[in-house]
Structures are given as C-alpha cells and as structure tokens.
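So the chains spell out like this:
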Amino acid sequence: MAGGGKKKSSTLPSTFQKTLSSVWQDKHMVLFKAEYTFLVTAVLWFLEIGINIWVIQKVSYTDIDWKAYMDEVEGVINGTYDYTQLKGDTGPLVYPAGFVYVFTGLYYLTDHGQNIRLGQYVFAVFYLITLLLVFRIYHRTKKVPPYVFFFVCCASYRIHSIFVLRLFNDPVAMMLLFGAINLFVDGRWTLGCALYSLAVSVKMNVLLFAPGLLFLLLCEFGLWKTLPKLTLCAAIQLVLGLPFLLVNPVGYVSRAFDLGRQFLFKWTVNWRFLPEDVFLSRYFHLALLLAHITTLVLFALKRWKRSGNSIWSILTDLSERKETVHKLSADQTVLVLFTSNFIGMCFSRSLHYQFYVWYFHTLPYLLWSGGVKKLAHLLRVLILGLIELSWNTYPSTNYSSISLHVCHFIILLCLWLNPTPALPSQKLDNKAKRH
C-alpha cells in the first residue's frame, strides 16, 4: 500500500512537469491553440475576480430596475398574488414566477434591497459562475483560439455594467441557461431541461433557444421520448406559477408571458434608423416574426438536419430509424442552440442595452463556426469590436444600429455557409440507456 502510494505521488510531479514542458515548448502558440483553452481561461477567470472588485469599488452604481424589482417582490411578500396588481416604479411586473422567487431571496439578503453593495457582490458571483460555465462549453468544443477569451471577459465594459452596476435579471436567466447547456453537452438531457425551464421562469428571452433545443431533443430521442421532457418543462412552469395561477390565471399568463409587449423607441439599440411609426407598427412586427420563423425552418432543414436524412425521421423512435443513429457531439449541440438564439436576436422587435448579455458569450463561438475560410482572425475580432461598440453607443444612432445589423448579417451568412459538423464515427446503440 505504501509503495503504491509513493508510486502515485511520484507520478503526479512527473505529469505536471511534462505539462509545463509542453506549454513552454508551445509558448508562442498558447494563445492560438484551442487545446490550451483551459489554461488561458483559468488565468482570465481569476483575473476577473479582481476586475469585478475594482469595478464595484471604483465605478458608480446606477439604479435602473433594481428598485422596481424590489417593489414588485415586496408586493408578493405583502400578500398580493394577482399579477395585474404587482408593479414597480418602472411599470408592471412582466417576468415569470421564477423571477419573483430569485429576487425575493435577494430582497431578504440585501436588507429589503437597501444594501446595494452586497447585491453587487452577489451579482459578481453570478458573473463568475456564468463565466465558468461559458468557459467549460468552449473547453469542450475547442473551436475558438484562447486569445479571443480576453474579449469574452476583460474587454467588455457593457457586460460588467449589466451584471454588477445595473443588477438586471437577464444575467440570472443566462447563468441558469448556460448551466443547462453544460448538462446538454454532458448528455444529461432531463436535468438540463429542468434547469432550462428554471431559466425561462426568470426571463422569457431564454425561449429563443427553444427551437434549437426542440430540434436536438427530437434528434436524440424521437417524438415520443421527447414528450416527457417537454412535459417536465411545462410542469416546472406550472408549479412555480401556481400561487399566482390560483388567484388570477389569465392575469399571470398575460403578464409573465406577454409576447406582444410594446417596446419604447428611445431605448432601441437595433432599429434606431427606422421612423418611430414603423418601429411601433404591428405589420413590421409581423414581418420580423415571419422572417424569424422562415430562417429557423431553413436552418433546421438545410443546416441542422443530418445530410441525407429525412426531416420526418427525427420524429420516429430511435429503434425504428433506418439510418445509422449517432450520438450528438458537443459541437453539434452548442452550434444548434447558439444559432437558434442568434437568429432570434437578428429579428428581434427591439434590443435594449441589457439584452446584450443574451448572446454576448456566444458570439466568438458563432464567428469561429462560420464556413467562410477567408474570414481571417483579424476580421472576426473586428466584428466583435464593432458589435461591442454598437452596444456601448448611448443613445444609439443610425450608424450604430446599421453597423450592428451588418455584423449580424455577416455572422448569419457565415453560419449558413458553414457545413454541418461531422458526425462522430462511433455508432450509438439504440438500446443504450439515455438520460
């Protein structure tokens, strides 16, 4: 036993020495080789701890929605469960029940919302957890060169602001969402669906990932085995919303899941170049919805679907499929989910400044997934920079909005030209146990 222990302990330093030797030999390529993603992201993550502390201590906090959040959950704490009666100083409560529970916890943790500094540090923790989950996704896929991760964290003023200077609910929803994607990548689909539904319950924007998730579930399980997972998602929404549904079901659904909500023109980031009457037009909204659905259908039929397979084949049970069934790779899973969300962003009726976090951490992956080989590294970084500049321009201008759409179009075009990720060579046993 003792001898075995010595042998093991002597192996560890040897392995560490080999790793250091390998890094030293490739020192000029550490920032460019995807296999060093873990090393670079680990350094950046610890650096982000200091950056967040500095931002909280040195940059002034600005209250935009925090007080409204506290007023809304205080109404629930005081016994009001009719959603139509819950409101803050910026308007009525328009988020699902999960938001109420999360911010009720923050309400008590921050002394009824008065201890802003403590709230900022809580959101700094949310930021670091989100970054950890995002970096793990990039480590699993190994597609993006490590130097890009500097732009994913340290270089974005707007993202730090959304998390620790504004305390929006969007970061909480995205933190849960990236947790769910990590579970999907690990093949833990049931637990991932549960966490995904929790993310939706905090803010409805997470539904932009839903078309891609549905497609993946059908590919992985077929229609009948997908239904229980969809039922689980619905059941979680029902349980979370039950106290409000029992009092005023129509009021809860119409407020928490209001798909027709009108946005103010003065806050738009993406449609500033339009006349305000066009921006507010229902015909314009309908055109965007049709474009959104059409683009999703085209990607599902022509890009996400495996070559040579019928779209109807994904509805059948795995054991009944004629073609060879392969397990989804991490790359396929992430690409479909990120693309689904990005398409929704491209055709959004309006994007406000805090919405940047909805897709910010996915942009490097999408850019480095593009099929245009001549889109050099420098051009990709330039696109990231232009998008960051567009979101940091306040108030937005005609030029900032147009440049944002141009960048979106380039990314979408590259994704369309991107060949479907190659299937893994290992065949999956149809009788294998699935999570």
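Residues numbered from 1 in each chain as written. Predicted model: local features only at pLDDT ≥ 70, side-chain atom pairs only at ≥ 80, totals over all residues. Heavy atoms only, no water.

A.B. asks: Tell me about the overall build of the chain, residues and numbers included.
C.D. replies: When helices and strands are counted, the chain shows 18 helices and two strands. Counting every position in the chain, which comprises 435 residues, the buried fraction comes to 52%. Carbon and sulfur atoms provide 67% of the accessible area of the chain, an area that totals close to 20800 Å². (Helix = DSSP H or I, 4+ residues; strand = E, 2+ residues; numbered from the N terminus. Buried < 20%, exposed > 50% of the residue type's maximum accessible area, 1.4 Å probe, protein only. Areas by Shrake-Rupley, 256 points an atom, 1.4 Å probe, with all protein chains shown as cover.)

A.B. asks: Outline the packing of aromatic side chains, supporting the account with residue identities and numerical values.
C.D. replies: In this description, a pair of aromatic rings is defined by centroid distance and the angle of the planes. On inspection of all chains with the given rule, the structure shows 40 aromatic pairs. Aromatic side chains Tyr356 and Tyr359 sit 6.2 Å apart centroid to centroid with 65 degrees between the ring planes, which places their arrangement in the edge-to-face category. Look at Tyr359 and you get buried, because its relative accessible area is 0%. In this arrangement the basic side chain of Arg303 is found over the ring face of Trp416, its NZ or CZ atom lying 4.1 Å from the centre. Over the aromatic face of Trp368 sits the side chain of Arg380, whose NZ or CZ is 5.4 Å from the ring centroid. (Phe/Tyr/Trp six-rings, centres within 6.5 Å; stacked < 30°, edge-to-face > 60°. Lys NZ or Arg CZ within 6 Å of the ring centre and 35° of its normal.)

A.B. asks: So, the side chain of Asp82: which residues are in play, and what are the values?
C.D. replies: Here Asp82 shows up in the loop between helix H3 (66–77) and strand S1 (87–88). This buried residue, Asp82, is left without a salt bridge; Arg255 holds the nearest opposite charge, at 7.1 Å. A distance of 3.0 Å separates polar atoms of two side chains, one belonging to Asp82 and the other to Asn248. Beyond its immediate stretch of four places on either side in the chain, Asp82 contacts Val247 and Asn248. (Lys, Arg positive; Asp, Glu negative; His and termini not counted. Salt bridge = Lys/Arg side-chain N within 4 Å of Asp/Glu carboxyl O. Polar contact = N/O pair within 3.5 Å; in protein donor to acceptor, adjacent residues only side chain to side chain. Contact = heavy atoms within 4.5 Å.)

A.B. asks: Which residues make up the UniProt feature "transmembrane region" (unreviewed entry) in the chain, and what are the values?
C.D. replies: The positions UniProt marks with the feature "transmembrane region" (unreviewed entry) are residues 36–56, 93–109, 121–138, 195–218, 230–247, 283–301 and 399–417. In this annotation, residues 195–218 is assigned 71% helix and 0% strand; the end-to-end C-alpha distance for the span is 19 Å. Annotated as 100% helix and 0% strand, the span residues 399–417 places its first and last C-alpha atoms 27 Å apart. (UniProt positions renumbered as here; feature names shortened; annotations may be inferred.)

A.B. asks: Would you mind going over a nonpolar patch on the surface in detail, with residue names and values included?
C.D. replies: A cluster of nonpolar side chains, contributed by Leu286, Leu289, Leu290, Ile293, Val297 and Leu301, occupies part of the molecular surface with about 510 Å² of accessible area. Along the chain, the position of Leu290 falls in helix H14 (residues 282–304). (Patch = residues over 30% accessible without salt bridge, like charges linked within 9 Å, V, L, I, M, F, W, Y side chains within 5 Å.)

A.B. asks: Run through the packing of helix H11 (residues 223–245) against helix H12 (residues 249–256), naming residues and quoting values.
C.D. replies: Two elements in contact, H11 and H12, have axes whose closest approach is 8 Å; the angle formed by their N-to-C orientations is 125 degrees. Here H11 is positioned oblique relative to H12, judged by the angle of their axes. Contact with H11, carried on its side by Gly241, Phe244 and Leu245, involves Pro249, Tyr252 and Val253 of H12 and no other residues of that element. Across the contact of H11 with H12, the residue classes break down as five nonpolar, one polar and no charged. (Axes fitted to C-alpha atoms, helices over the stretch in contact; angles between N-to-C directions. Parallel < 35°, antiparallel > 145°, perpendicular 65-115°, else oblique. Nonpolar A, V, L, I, M, F, W, Y, C, P; charged D, E, K, R; others polar.)

A.B. asks: Requested: an account of the side chain of Thr339, with residues and values cited.
C.D. replies: Following the sequence through the fold, Thr339 ends up in helix H15 (residues 330–346). Contacts of Thr339, omitting those with residues within four sequence positions, involve Phe299, Trp304, Leu366 and Leu415.

A.B. asks: Please set out the layout of surface pockets residue by residue, giving values where relevant.
C.D. replies: Counted as a void, the largest pocket has a volume near 870 Å³. The wall of the largest pocket is formed by 32 residues, among which Met204, Leu208, Asp258, Leu259 and Arg349 lie closest to the centre. Considering every element that reaches the lining of the largest pocket, the biggest residue donor is H14, with eight residues. Of the residues contributing to the lining of the largest pocket, the split by class is 19 nonpolar, seven polar and six charged. A volume near 700 Å³ is recorded for the second largest pocket. Looking at the lining of the second largest pocket, the elements that each hand over two or more residues are H3, strand S2 (91–92) and helix H7 (157–165). (1 Å grid on protein atoms, 1.4 Å probe; cavity = no way out; pocket = protein on both sides within 12 Å on 5 of 7 lines; lining within 4 Å. Points joined across faces, edges and corners; volume = space filled by probe spheres on them.)

A.B. asks: So what about unusual backbone geometry? Which residues, and what values?
C.D. replies: Each neighbour pair has its own omega, and for Tyr394 with Pro395 the value is -10 degrees, a cis peptide bond. Mapping Pro395 onto the fold places it in the loop between helix H17 (377–392) and helix H18 (398–417). Unlike most non-glycine residues, His112 shows phi in positive territory, near 60 degrees. Mapped onto the fold, His112 is located in the loop between helix H4 (97–109) and helix H5 (116–141). On the basis of relative accessibility, which here comes to 43%, the residue His112 falls in the partly exposed class. Its identity is not glycine, yet Leu167 carries a phi of approximately 60 degrees, on the positive side. Note that Leu167 resides in the loop between H7 and helix H8 (170–185).

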